[in-house]
Amino acid sequence: MGIDPDFERDRSVVEEHDGHDVWGPVDEPERLGVHGTHVAVDFDACVGDGACLRDCPVDVFDWVETPGHPASEVKADPAREDACIDCMLCVDVCPVDAIDVDASRVRRFAADGGPESE
Ligand code: SF4
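Residues numbered from 1 in each chain as written. Predicted model: local features only at pLDDT ≥ 70, side-chain atom pairs only at ≥ 80, totals over all residues.

Trainee: So what exactly am I meant to see when it comes to the overall build of the chain here?
Mentor: Secondary structure assignment for the chain yields four helices and seven strands. Taken from the N to the C terminus, the helices and strands of the chain come in the order α-β-β-β-β-α-β-β-α-β-α. Relative to the 2.2 N^0.38 estimate, which gives 13 Å for 118 residues, the radius of gyration of the chain is 13 Å and therefore close to what a compact globule would have. The C-alpha extent of the chain, read off along each of the three principal axes, is 35 × 30 × 25 Å. When the 118 residues of the chain are sorted by exposure, 33% land in the buried category. Here the contacts in the chain between residues at least 6 apart in sequence split such that 53% fall between residues at least 24 apart. (Helix = DSSP H or I, 4+ residues; strand = E, 2+ residues; numbered from the N terminus. Rg over C-alpha atoms; globule rule 2.2 N^0.38 Å. Buried ≥ 20, exposed ≤ 12 C-beta atoms within 10 Å, placed from the backbone. Contact = placed C-beta atoms within 7 Å.)

Below is the structure:
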């Protein structure tokens, strides 16, 4: 199953990783949640294919090791989501629909009292 594009309604931010939010639940190593808000990657759906790393024109993603996760032991981490230019290539090439890109989500999250409004 791919990422739920409405995850911000069903999940909460539980931690920060490498400068971006992580939306839970998280129960390592089996459940890793959704990483990122503008560029969101469902780590529990990600199979470590790498198409997004290859195709992103502004190098948003880094590999992160996730030993013991049932889907794959590496994930595409949106380490530089602020650089995203919303080209949607990563969304199109991901074989398991693990990525959702929505620049307005950051503003909605901030309006709802997220960290950006503090
Ligand atoms: S939408 Fe485009 S620029 Fe943004 S992370 Fe995906 S591939 Fe990179």
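Let us keep going from here.
Trainee: Honestly, the nonpolar core in this entry has me stumped. Any pointers?
Mentor: Proteins that are soluble and globular tend to have nonpolar side chains buried together. Within the largest apolar cluster, 21 residues are counted, with the highest numbers of intra-cluster contacts made by Val41, Cys52, Ala98 and Ile99. Looking at this core, the elements that each hand over two or more residues are β4 (39-42) and β7 (99-101). With three residues, β4 is the single largest residue contributor to this core. (Core = buried A, V, L, I, M, F, W, Y, C linked by C-beta atoms within 7 Å.)

Trainee: It is not clear to me how the environment of tryptophan 63 should be interpreted in this structure. Could you clarify?
Mentor: In this fold, tryptophan 63 is placed in strand β5 (residues 62-65). The class of tryptophan 63 is partly exposed, set by 13 C-beta atoms lying within 10 Å. Residues tryptophan 63 and alanine 79, 16 residues apart in the sequence, show an inter-C-alpha distance of 9.0 Å. Ignoring anything within four residues of it in the chain, the contact list for tryptophan 63 reads Leu53, Val74 and Ala76.

Trainee: Hey, could you run me through the site of the ligand in this one?
Mentor: Taken together, 14 residues sit near the ligand, with Cys56, Val60, Cys84, Cys87 and Cys90 positioned nearest. Among the residues forming the shell around the ligand, the class breakdown is 12 nonpolar, no polar and two charged. (Near = placed C-beta within 6 Å. Nonpolar A, V, L, I, M, F, W, Y, C, P; charged D, E, K, R; others polar.)

Trainee: Just to check I follow, could you spell out unusual backbone geometry for this structure?
Mentor: Most peptide bonds adopt trans geometry, and most residues besides glycine take a negative phi value. Between glycine 24 and proline 25 the backbone carries a cis peptide bond, its omega angle lying at 5 degrees. Mapping proline 25 onto the fold places it in the loop between β2 (20-23) and β3 (34-35). Looking along the chain, the bond that leaves glutamate 28 and enters proline 29 is cis, with omega of 5 degrees. Look at aspartate 18: it is not a glycine, yet its phi comes out positive at around 55 degrees. Among the structural elements, aspartate 18 can be located in the loop between β1 (13-17) and β2. Not every positive phi belongs to a glycine, and aspartate 86 is a case in point at roughly 60 degrees. By secondary structure assignment, the location of aspartate 86 is in the loop between β6 (74-77) and α3 (89-93).

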